[in-house]
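Listed here are the chains, written in short residue letters.
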Amino acid sequence: MVSSTATAPPAEESPPRAPDGGGAETRAGIRALLLRVHFYAGVLIAPFLLVAAVTGLCYTAMPQVERTLYAHELRVTPRGAPDPLAEQVAAAEKAVPDGTLVSVTTGPGPRDSTRVVFEEPGLKEGYTRTAFVDPYGHSVLGTLETFGQWLPVRAWFDDLHRNLHLGEFGRNYSEIAASWLWVEVAGGLVLWTGLRRSRRRLRRTLLPERSAPAGRRRVRSWHGAVGLWAAAGLLGLSATGLTWSAYAGANITQLREQLHSPTPEVAATLPHTHGREKTDGRETADGGKGRKDIGFDGAVRSAREAGLGGVLDVTPPADGGSAYVVKENTRSWPERQDSVAVEPHTGKVTATLRFDDYPLLAKLSRWGVDAHMGLLFGLVNQIVLALLALALIAMTVWGYRMWWLRRPTRGPASDGRLPRPGRAPARGTWRRVPGRVLAPAAVVTALVAYWLPWFGVPLLLFLAVDLSAGRIRHGRATKEAGL
């Protein structure tokens, strides 16, 4: 709920200090302080939220766009039994002669192509070259530059949403949005539903006042009601977005490690080795003993015997002392993220990691990230994300509309020469909050600012602007009074 200015005092005079005691005065002081923070954050942070919402809205349609644009590479016609993976990989290697094999991903169904992923010189960091192979005849359907499992169009919009194609510098925009979205939503919830003595009917809290006269009251009702319905989803997007951010994300990762809840990885190192030869998924000798590599087909066969199913992502051994790693890659409900390590000569499963055994925080992180990307519940997930993005866009526009409706309409400030912005809520509201409430709130705010730097930096900026504006206004008032 961005930049709400509902029931703000009409002018900028500092309110008197409230007595340190009365519950009504305390609530009024807290509400006035929240309103001023909500206002400043809404005016100055809303552009970041608006960009994140618009780019996120575009991103929600990418699965369908991918399937349409890249149908030739993704879809095949079944023709009997699929060819061995070794033959498919060999065909892909011919199509990408300068590439270094990274992994092979089986298709989710009989009508889907096999993906063979390569590192290739000259690609941007994090990007790979993927060859799409028809499993029936092992012909290469095409090669595309990919980012993880995202094809070019989704990778482009993903980059736009994360950093506006500005690299590491651009990530600051999305971190600012994620760091302040939860503040705006939580503050808006309190302003809309709590700390009030008026007996607002439930219907007026949950639904907008469509019969209200046109003006700030009607806009405020839409802003508050829509924000109330979207609050849970927006809070989830803020939390999951922070896990990807540069500075807050690093702090979150550190905290998870301290809580012994990092995302685990299956152990790929073999308990003992049979030589130092490098394996790449094809037949290789072991120390001259003639031991044959089981290849990708053998690794997949062992993994399926161990209970893995669905889409499988197979990583070849890095050297003679490591195993094939086979991971499930079904990122929908229920999650299928089990993984096994397979000995490259015997096909024996040397290590197993089940998603059910993940620490709770690791599970929550996986579910949250997949929901944020629209993967967890398929089309329903995409629709919910699109509605949340539209809600955030609408609330931002309504917030600025309320600000505009508060502009001066009489006197010198409305002489028509220049448009004037709306008034801010009254200054000095913190003086109305008792010390027993203000002191712990300040401590908590400082801790949050430490863990979320792009929450703390704008907050300091707000304070600096507010103090400067107050000094300027006080100086003008003193001068006009002739003191």
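Residues numbered from 1 in each chain as written. Predicted model: local features only at pLDDT ≥ 70, side-chain atom pairs only at ≥ 80, totals over all residues. Heavy atoms only, no water.

Section: the overall build of the protein
Link 1 in the chain: Helix and strand counts for the protein come out as 14 helices and 8 strands.
Link 2 in the chain: The buried share among the 483 residues of the protein stands at 44%.
Link 3 in the chain: Across the protein, contacts joining residues at least 24 apart in sequence account for 65% of those joining residues at least 6 apart. (Helix = DSSP H or I, 4+ residues; strand = E, 2+ residues; numbered from the N terminus. Buried < 20%, exposed > 50% of the residue type's maximum accessible area, 1.4 Å probe, protein only. Contact = heavy atoms within 4.5 Å.)

As for the packing of aromatic side chains
Link 1 in the chain: Counted under the stated rule, the structure contains 16 aromatic pairs.
Link 2 in the chain: Their ring planes at 65° and their centres at 5.6 Å tell us that Phe 39 and Tyr 40 sit as a pair that is edge-to-face. Neither Phe 39 nor Tyr 40 differs from the other in exposure class; each is buried.
Link 3 in the chain: Ring centres of Trp 222 and Trp 398 lie 5.9 Å apart, and the angle between their planes is 40°; this geometry places the pair in the tilted category. With a gap of 176 residues between them, Trp 222 in helix H8 (residues 216–244) and Trp 398 in helix H12 (residues 378–405) connect regions that are remote in the sequence.
Link 4 in the chain: Among the residues examined, Trp 398 registers a relative accessible area of 22% and is labelled partly exposed.
Link 5 in the chain: By way of ring pairs, the aromatic residues Phe 39, Tyr 40, Trp 180, Trp 182, Tyr 400, Trp 403, Phe 455 and Phe 462 are connected into one cluster. (Phe/Tyr/Trp six-rings, centres within 6.5 Å; stacked < 30°, edge-to-face > 60°.)

With respect to the pairing of strand S1 (residues 100–105)
Link 1 in the chain: Examined bridge by bridge, S1 and strand S2 (residues 114–119) share 5 bridges and lie antiparallel to one another. Among the inter-strand pairings, Thr 105 is bridged to a residue of S2, identified as Arg 115.
Link 2 in the chain: Bridge count for S1 against strand S5 (residues 312–315) is 2 bridges, and the pairing is antiparallel. The residue of S5 that forms the bridge with Val 104 is Val 314. (Pairing = 2+ DSSP bridges.)

Comments concerning the sheet that holds strand S7 (residues 339–342)
Link 1 in the chain: Overall, antiparallel pairing links the 8 strands, which are arranged S4-S3-S2-S1-S5-S6-S7-S8 in an open sheet. Where the open sheet ends on each side, the last strands, each with one partner, are strand S4 (140–147) and strand S8 (349–353). The mean inter-strand angle of the sheet, taken between neighbouring strand axes irrespective of direction, is 20°.
Link 2 in the chain: Where S2 and strand S3 (residues 127–133) come together, 5 bridges link them in antiparallel fashion. Residue pairing across strands places Phe 118 opposite Arg 129, the latter belonging to S3.
Link 3 in the chain: The sheet contacts of helix H4 (residues 85–95) involve S1, S2, S3 and S4, and relative to S2 the element is tilted by about 45°.
Link 4 in the chain: Where helix H5 (residues 152–163) meets the sheet, its contacts fall on S3 and S4, and the angle it forms with S4 comes to roughly 5°. (Axes fitted to C-alpha atoms, helices over the stretch in contact; angles between N-to-C directions.)

Remarks on the confidence of the model for the protein
Link 1 in the chain: Mean pLDDT over the protein works out to 86, with 85% of the residues at or above the 70 mark.
Link 2 in the chain: Segment residues 1–21: pLDDT under 50, and 85 contacts once partners within four positions in sequence are set aside and those in other chains are kept.
Link 3 in the chain: Contacts of residues 274–288 to residues separated by more than four positions or lying in other chains number 38 contacts, the stretch itself having pLDDT below 50. (pLDDT = per-residue confidence, 0-100.)

Re the pairing of S4
Link 1 in the chain: Summarising the sheet, S3 and S4 pair through 7 bridges and their orientation is antiparallel. Across the sheet, Thr 130 pairs through a bridge with Leu 144, a residue of S4.
Link 2 in the chain: The turn linking S3 back onto S4 is made up of 6 residues, and Gly 137 within it adopts a positive phi angle of 115°.

Observations regarding a nonpolar patch on the surface
Link 1 in the chain: Side chains of Leu 255, Leu 259, Leu 360, Leu 361, Leu 364, Tyr 450 and Trp 451 sit close together on the surface and give an oily, nonpolar patch of about 690 Å² of accessible area.
Link 2 in the chain: Ranked by residue count, the leading element in the nonpolar patch is helix H11 (residues 360–372), at 3 residues.
Link 3 in the chain: Along the chain, Trp 451 falls in helix H13 (residues 435–451). (Patch = residues over 30% accessible without salt bridge, like charges linked within 9 Å, V, L, I, M, F, W, Y side chains within 5 Å. Areas by Shrake-Rupley, 256 points an atom, 1.4 Å probe, with all protein chains shown as cover. Salt bridge = Lys/Arg side-chain N within 4 Å of Asp/Glu carboxyl O.)

Some details on helix H9 (residues 247–258)
Link 1 in the chain: Under the 1.5 Å per step criterion, the end-to-end length of H9 is 17 Å for 12 residues, consistent within 8% with the ideal 16 Å.
Link 2 in the chain: All of the buried residues along H9 are Ala 248, Gly 249, Asn 251 and Arg 256. The arc that holds every buried residue of H9, seen down its axis, measures 160°, which confines them to one face.
Link 3 in the chain: In this structure, the buried side of H9 is in contact with helix H6 (167–193), H8, H11, H13 and helix H14 (453–481).
Link 4 in the chain: Of the residues flanking the end of H9, it is His 260, one or two places downstream, whose phi is positive at about 55°. (Expected span 1.5 Å × (residues − 1). Arc of directions from axis to C-beta.)

Some points on empty space enclosed by the protein
Link 1 in the chain: Counting across every chain of the model gives 2 cavities of 30 Å³ or more.
Link 2 in the chain: Considering only enclosed or pocket space, the second largest cavity measures out at about 30 Å³ in volume.
Link 3 in the chain: If you trace the second largest cavity, you find it lined by Tyr 59, Thr 60, Pro 63, Arg 154, Met 373, Gly 374, Gln 382 and Leu 385.
Link 4 in the chain: When contributions to the lining of the second largest cavity are tallied by element, the ones reaching two or more residues are helix H1 (23–60) and H12.
Link 5 in the chain: Classifying every residue of the lining of the second largest cavity by side-chain character gives 4 nonpolar, 3 polar and 1 charged. (1 Å grid on protein atoms, 1.4 Å probe; cavity = no way out; pocket = protein on both sides within 12 Å on 5 of 7 lines; lining within 4 Å. Points joined across faces, edges and corners; volume = space filled by probe spheres on them. Nonpolar A, V, L, I, M, F, W, Y, C, P; charged D, E, K, R; others polar.)

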